[in-house]
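Reading the structure
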Amino acid sequence: MFKNSYYSRKLHSLLGVIPVGFFLIEHLLTNYSAFKGGHEGFLEHVEWLHGLPLVLVLEIFGIWIPLAYHAIYGLYVAYTARNNVNNYGYFRNQMFFLQRVTGVITFIFVAFHFFQTRFQITLGNVAQEAIGVQMHSIATDTVNFVFYCIGIVAAVFHFSNGMWSFLVSWGVTVGPRAQRVSTYVWMGVFVIMSIMFILSLTAFTDPQFQQVPQMATH
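Reference entry: report on the structure contained in this document. In this text the structure is predicted, and so the values were computed from the model without any measurement. (Residues numbered from 1 in each chain as written. Predicted model: local features only at pLDDT ≥ 70, side-chain atom pairs only at ≥ 80, totals over all residues. Heavy atoms only, no water.)

**Some words on the environment of G188**
Summarising the element assignment, G188 is placed in helix 8 (residues 176-203). Overall, the relative accessible area of 28% leaves G188 in the partly exposed class. Considering only alpha carbons, one finds G188 and S200, 12 residues apart in sequence, at a separation of 18 Å. (Helix = DSSP H or I, 4+ residues; strand = E, 2+ residues; numbered from the N terminus. Buried < 20%, exposed > 50% of the residue type's maximum accessible area, 1.4 Å probe, protein only.)

Laid out in structure tokens, this is it:
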């Protein structure tokens, strides 16, 4: 399936940024609206997204198919990669190892999160306007909360460190100094995005998310 490893890796790398990386950032901004604007602000963002033209087509071809390829090929790379982190304790070897580990964790987390949210809406078990209530139920469960925190940090690390690798492999950061600066930049992005995501998750524990706002029931 992945016979041409050069082009497979290039496609895997590109899809990790466009559109999967963009989707992660969009997801962050949507969920962060729960922290900044409460339940009503969160629903406004959700309704805007679902009001986009051909939203189902956009989801299938702009998110789920690219995400599936990136995830499946990523698992293949993680399985076949020769990690020498125990023999060579260099920083980048550590990052290489963590990129593979967080990729597996992220795959499990995204599948579980999709099942609990978007898939439940598709099945008709959760109304679209009740997604905040569903997130409240998830976030107030201790086991789910801890698992989501682990999944969030893993996903953001995978994206941030993946962006460092993307810039190197596509010839953007070619020298040691540029790569060192890029390391600091993406470490900062990792910290900021992780904090924003966890603040968003914490926001869903607020009692206001126990029921759908009246503005969404009319």
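**Some points on the packing of helix 2 (residues 20-50) against helix 8**
Where helix 2 meets helix 8, the closest approach of the two axes is 8 Å, and the angle between their N-to-C directions is 45°. Classed by the angle they form, the pair helix 2 and helix 8 counts as oblique. Considering only the axes of helix 2 and helix 8, their crossing is left-handed. Together, L24, I25, H27, L28, N31, Y32, A34 and F35 of helix 2 and M193, M196, F197, L199, S200 and A203 of helix 8 make up the contact between the two elements. (Axes fitted to C-alpha atoms, helices over the stretch in contact; angles between N-to-C directions. Parallel < 35°, antiparallel > 145°, perpendicular 65-115°, else oblique. Left-handed = near helix turned anticlockwise from the far one by under 90°. Contact = heavy atoms within 4.5 Å.)

**So, the packing of helix 2 against helix 6 (residues 131-139)**
It is the contact of helix 2 with helix 6, at a shortest axis distance of 10 Å, that shows an interaxial angle of 120°. If you check the angle between helix 2 and helix 6, you find them oblique. Residues H39, F42, L43 and V46 of helix 2 lie in contact with helix 6, whose contacting residues are I131, G132 and V133. Classifying every residue of the contact of helix 2 with helix 6 gives 5 nonpolar, 2 polar and no charged. (Nonpolar A, V, L, I, M, F, W, Y, C, P; charged D, E, K, R; others polar.)

**With respect to helix 3 (residues 55-80)**
Residues that lie three or four places apart on an α-helix share one face, since the helix turns once every 3.6 residues. Compared with the 38 Å implied by 1.5 Å per residue over 26 residues, the 36 Å span of helix 3 between its first and last C-alpha is a close match. Most pronounced at W64, the bend in helix 3 amounts to some 30°, and the proline P66 follows within four residues. Among all positions in helix 3, only E59, I63, P66, L67, Y69, H70, A71, Y73 and V77 are buried. Next to the buried residues of helix 3 lie helix 1 (5-17), helix 2, helix 4 (91-116), helix 5 (118-123) and helix 7 (142-169). (Expected span 1.5 Å × (residues − 1). Bend = angle between axes of the 7 residues up to and from the residue.)

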